[in-house]
Each structure stands twice: as structure tokens, then as C-alpha cells.
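Here's the letter readout for the chains.
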Amino acid sequence: MSDVVAFDPLSPAQRADPFPVYAAARRDAPVFYAPAFDLWVVARHADVLTVLKDDETYSSRNALRSSPREPLPEVRAVLAAGWPDMPIIVDSDPPLHGRIRRPITKAFTPRRVAELAPRIEAIARELLDGFAGDGEADVVERFAWPLPLRVMGELIGVPQEDLPWLHERSRDWLSLFGATGTVEEQVAAAEGTVALQRYFVAALEARAAEPRDDLMGALLAATADEAEPLTTVELAGVPLDLLVAGHVTVTRAIGSALVLLLRTPGALDELRGDPGLVAGAIEEILRLESPAQGLFRETTRDVELGGVRLPRGARLMVHFGSANRDESEFADAELYDPRRDDVGRHVAFGKGIHFCIGAPLARLELSIALPLLLERLPNLRRADDGPLAYDPIFFARGLSSLRLAWDA
Ligand code: HEM
């Protein structure tokens, strides 16, 4: 089956355009084994839903780990100085998952999200003021990174001056799951991860001593009400996870949105002319470009999926990005259509118990950012026609830079 599907998400060709490979997989080998990664890839929408809805058979432990390799001994030694078992919601199973998710749901309320709207707009305008007059810029660097990072900083309750450091440490944390790079790089990433853990443990301890009305304060109050409250260390994984999950994904969505709109004839003008299309356009961008292309699961028993027998302990990649282009689920699946009525079935935010907690905030940020970008950057176009620079991250899709030009 691996002969049919040449799956290699880090190859330059598939970073640029992975979609023909997934189309072939959906047709010929909907659940296929990729030996290089010791991974079963689940390509069809129906099978992806089966996995996401059955969290007993498909465990989320190691949901972020793209590498089949265990961390190096040098890396484990560094991590031992922090909290190697600090739980992360996205890779925990019930009952721990519920113990972590309940206080988040209580603290991260729709009201808290709605209250961020004026701040999101103010930050977006301030960032645009910084470069709109230049006529050309790397929009990923100047806008798509800083906007969601600053929004997450305000939500969680960390000082703005800490954000660049937190951004670097988030990248360290994330890179450990891919286990790529030299020993020195992996050890440095482990040191960064321990520093990030200490930062959030200290931030929560400070709030326990002196309560504050930010998300970390609300999380402490919410877990205290539970039958089995989380310890400070267990709770420290929450702001850490929210910070990472909440900024890299929205960054990718903004960059991918601009590229998709530029690539689709007439799409930018149509969106500028009809603000009523923004919500549909955002869903369509998430469906087609899926910033989280897929995450991982592990079987807890022998099971059959999509006609394939999987042994207990098999590692799976549930491929949101492929499911979202499944032609048996979406009419003209490869086409951008902000008016389509089947877009609600996309799984860009997952499904089941791990469904994205930040989906309302992500949608709010995009619904504010995209119209502002189009308003402030008229006659938007690529600044050059070189190849697009996609981030080399196994399970994500997004640009590391995007130089655009406009009429200043
Ligand atoms: C366009 C932006 C985003 C995309 C595409 C996205 C995608 C996803 C996906 C696919 C999952 C499910 C993971 C799984 O099933 O294993 C997820 C979970 C999660 N997301 Fe998002 N996300 C986005 C934005 C955000 C934001 C802004 C936040 C925080 C404010 C956030 C926080 C989380 C958390 C905490 C989880 C774990 C939930 C759980 O395990 O119960 N995400 N996200």
C-alpha cells in the first residue's frame, strides 16, 4: 500500500502541495501504512470521524508525536529537571482529559472570548499601522505571527514583553514532538521546554498568592471547585498548551487564507465587496488549508478500520486535511466556494472529546483580521513569483514567510 501512496509530508514537493497524494490515498488505500514513520494514515472523512468519536479504541496519548522515535537519553535527562509528566490536554485520555477540560470550559467562557473582540481589532490596526504605508512586507512576520500571539498573551494574562521569549520557548516545546535536529538542538529545545514549564508554574503560584482576573486566575478558581482539583503543575500545562495551540494555528490560517484568496481568481474582490461572505470564506479556508493537517492516535486493541486490520498499539495519523477534501463528503471538494452549504462537515477543528476549545476565538480573530487586511492593503498581490515557503512541520500546514505587495 505504501507503494501506492508516497507519503512524505516533509518533502519539499509535498510541503508545497500534499493534496494529490491524499486524493490517491482516498481512492486506492484509504488507511495506509507509511513505514518510514511507523504510521497508519487515515485519509477518508468517514474513517477520520470513526477514530475521533471512539476515544476508547483510539487513545490520544502521543497525539502530537510525529516521530516514532523515543526522545534521546540526553533530552530525557534535561526534561527530568522539569516535570516530564506535566499533562497536556490534547494528548490525555479520560478521566484525566475531563479533569483538565472541565476547568477550561468553565474559565474560557463565550463572554471572555467576546470581550477580546475590541482588543483583537486594536492590535490588528496597530500592527497594520506599522507596515501598511510600506507597500511591501512579509505579512507572516509582521501580522500573522504577532496578532494571535498578542491575543493569547492578553487572554492568558502574561506581560507583552514576555511574548517573544514565550514564542521561542513554544517552538522548543513543539519541536520536541518531532524529535528532529541535532542532539544539541534537541537538548536546547528540552531546556527551553523546562523553562516554559517553570514560567507557568511560577505564574500560577503568583496568582494563587494574589488572585487576578485573567484566564490563569479563572482556571485556578475553576479547578478549585472540582471534586478532584488539578495540582498547580497539572494546571500549568493548560496555559502552556493554550498558548501554543492558540497562536501557531491562527498564524497558519491567516497566511494560508491570503494565499488561497490570491490564488483564486476574483476571490479577494468578492470578499471585499460582500462582508457577508467572510464567515463562509473562513470555514472554506480552514477546510481547504487545515492548519492542523492531522494529529495522532494509538489503538488500545486490535481493530478494523477502512477494511484494514490494525494491531493493538498501532500509531495512526487522523488526517483532517485529507478528510476535508473528501469528494464523497464535499461537492467539488477541491474548489474554494464561500457559499457552499456542506462546509459545516469539515473537521479542521477535530471532533469528539478533543474538539478544539479555541474554535470560537480562532473564528473571531480571523473574522476581524481578514477584512482589515483587505481594507488596509489594496490591490494585494505576491511581491515575487518564487515558490512559497511552507513551515517544515509534519502535521501542520502554514507559511514561514509571505512577501506581499499592495498600493500604499
Ligand atoms: C485556526 C485555528 C485552529 C485550528 C485549525 C485548531 C485545530 C485544532 C484541532 C484539529 C484540535 C483537535 C486535536 C485532536 O483531536 O487531537 C484542536 C484542539 C485544541 N485546540 Fe485548537 N485549533 C485552532 C485554534 C485554537 C485556539 C485559538 C486555541 C486556544 C485559545 C486552541 C486550543 C485548543 C486546545 C486546548 C485543544 C485541545 C482540546 C482537547 O484536547 O480537549 N485552538 N485544535
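Preceding this paragraph is the structure being described.
Notes on the structure in this doc start here. In this text, all values refer to a predicted model and were calculated from it rather than measured experimentally.

1. Here's the deal with the overall build of the protein
A count of helices and strands for the protein gives 17 helices and 12 strands. With the principal axes as the frame, the protein shows a C-alpha extent of 55 × 55 × 40 Å. Across the protein, contacts joining residues at least 24 apart in sequence account for 75% of those joining residues at least 6 apart. Carbon and sulfur atoms make up 53% of the accessible area of the protein, which amounts to about 17100 Å² in all.

2. Comments concerning the site of the ligand
Taken together, 26 residues lie near the ligand, and His-97, Arg-101, Arg-297, His-354 and Cys-356 sit nearest. At 2.8 Å, a side-chain N or O of Arg-297 approaches an oxygen atom of the ligand. Secondary structure elements with two or more residues in the shell around the ligand: helix H5 (96-107), helix H13 (232-263), strand S5 (295-299) and helix H17 (359-376). Here the element with the most residues in the shell around the ligand is H13; it accounts for five residues.

3. Considerations on the pairing of strand S1 (residues 31-34)
Alignment of S1 against strand S2 (residues 39-42), held across four bridges, turns out to be antiparallel. Paired with Tyr-33 across the two strands is Trp-40, which belongs to S2. The turn linking S1 back onto S2 is made up of four residues, and Asp-38 within it adopts a positive phi angle of 45°.

4. Notes on the packing of aromatic side chains
Enumeration over the complete set of coordinates arrives at 14 aromatic pairs. With centroids separated by 6.5 Å and ring planes inclined at 50°, the aromatic side chains of Phe-7 and Tyr-22 adopt a geometry described as tilted. Taken together, the residues span a long stretch of sequence, with Phe-7 in the segment before helix H1 (12-16) and Tyr-22 in helix H2 (residues 19-28) at a distance of 15 residues. Here the two residues Phe-7 and Tyr-22 agree in accessibility, since each one is buried. On the numbers, 5.2 Å between centres and 85° between planes, the contact of Tyr-199 with Phe-200 is edge-to-face. By the ring-pair criterion, three or more aromatic residues cluster together here, those being Phe-7, Phe-19, Tyr-22, Phe-32, Phe-37, Phe-296, Phe-394 and Phe-395.

5. Comments concerning the coordination of the iron atom of the ligand
A lone protein donor contacts the iron atom of the ligand, and this donor is Cys-356 (SG), found at 2.3 Å. Within the secondary structure, Cys-356 is located in the loop between helix H16 (320-323) and H17.

6. Re the side chain of Thr-57
Within the secondary structure, Thr-57 sits in the loop between helix H3 (45-53) and strand S3 (58-59). There is a polar contact of 2.6 Å between the side chain of Thr-57 and the side chain of Asp-54. Residue contacts for Thr-57: discarding those within four places in its chain leaves Glu-298, Thr-299, Thr-300, Arg-301 and Val-303.

7. Here we look at the pattern of salt bridges
Considering all chains together, one arrives at 31 salt bridges under this definition. In this structure, Asp-214 engages Arg-207 in a salt bridge whose closest nitrogen and oxygen atoms are separated by 2.9 Å. Overall, Asp-214 belongs to the buried group, its relative accessible area being 7%. The buried category is assigned to Arg-207, whose relative accessible area is 6%. Residue Arg-397 pairs with Glu-289 through a salt bridge whose shortest N-O separation is 2.8 Å. Of this pair, Arg-397 sits in the loop between strand S10 (389-390) and strand S11 (399-401) while Glu-289 sits in helix H15 (residues 278-289), and the two are 108 residues apart along the sequence. Considered together, Arg-397 and Glu-289 belong to a single accessibility category, that of buried residues.

8. Comments concerning empty space enclosed by the protein
Enumeration over the complete set of coordinates arrives at two cavities of 30 Å³ or more. Estimated volume of the largest cavity: approximately 850 Å³. Val-90, Ala-245, Thr-249, Leu-295 and Cys-356 are, among the 43 residues lining the largest cavity, the residues nearest its centre. Contributing elements (two or more residues each) for the lining of the largest cavity: H5, helix H10 (163-176), H13, S5 and H17. Counted by class, the lining of the largest cavity contains 31 nonpolar, six polar and six charged residues.

9. A short note on the sheet that holds strand S4 (residues 136-138)
Taken in spatial order, the three strands make up an open sheet running S4-S12-S9, and their pairing is antiparallel. Edge positions in the sheet fall to S4 and strand S9 (381-382), since each of these pairs with one other strand and no more. Sheet topology note: the S4/strand S12 (residues 403-405) ladder contains three bridges and is antiparallel. Across the sheet, residue Ala-137 finds its bridge partner in S12, namely Leu-404.

10. Considerations on the nonpolar core
One finds Phe-7, Phe-143, Leu-147 and Phe-200 to be the most contacted residues of the largest nonpolar core, which totals 130 residues. Here the element with the most residues in this core is H13; it accounts for 16 residues. What Phe-7 contacts, discounting residues up to four positions off in sequence, is Gln-14, Val-21, Tyr-22, Phe-32, Ala-34, Phe-37, Leu-39, Val-41, Met-317 and Phe-394. In this structure, Leu-79, Leu-176, Val-187 and Ala-189 belong to the second largest nonpolar core, which totals eight residues.

11. Points about the environment of Leu-127
For Leu-127, the position within the fold is in helix H7 (residues 117-131). With relative accessibility at 12%, the residue Leu-127 sits in the buried group. Taking the C-alpha atoms as reference points, Leu-127 and Arg-142, 15 residues apart in sequence, are found 7.0 Å from one another. Beyond its immediate stretch of four places on either side in the chain, Leu-127 contacts Arg-142, Phe-143, Pro-146, Leu-147 and Arg-150.

Here is what the cut-offs are and how they apply
Residues numbered from 1 in each chain as written. Predicted model: local features only at pLDDT ≥ 70, side-chain atom pairs only at ≥ 80, totals over all residues. Heavy atoms only, no water. Helix = DSSP H or I, 4+ residues; strand = E, 2+ residues; numbered from the N terminus. Contact = heavy atoms within 4.5 Å. Areas by Shrake-Rupley, 256 points an atom, 1.4 Å probe, with all protein chains shown as cover. Near = heavy atom within 4 Å. Polar contact = N/O pair within 3.5 Å; in protein donor to acceptor, adjacent residues only side chain to side chain. Pairing = 2+ DSSP bridges. Phe/Tyr/Trp six-rings, centres within 6.5 Å; stacked < 30°, edge-to-face > 60°. Buried < 20%, exposed > 50% of the residue type's maximum accessible area, 1.4 Å probe, protein only. Donors = N, O, S within 2.8 Å, 3.2 Å for Na, K, Ca; no water. Salt bridge = Lys/Arg side-chain N within 4 Å of Asp/Glu carboxyl O. 1 Å grid on protein atoms, 1.4 Å probe; cavity = no way out; pocket = protein on both sides within 12 Å on 5 of 7 lines; lining within 4 Å. Points joined across faces, edges and corners; volume = space filled by probe spheres on them. Nonpolar A, V, L, I, M, F, W, Y, C, P; charged D, E, K, R; others polar. Core = buried A, V, L, I, M, F, W, Y, C linked by side-chain atoms within 4.5 Å.

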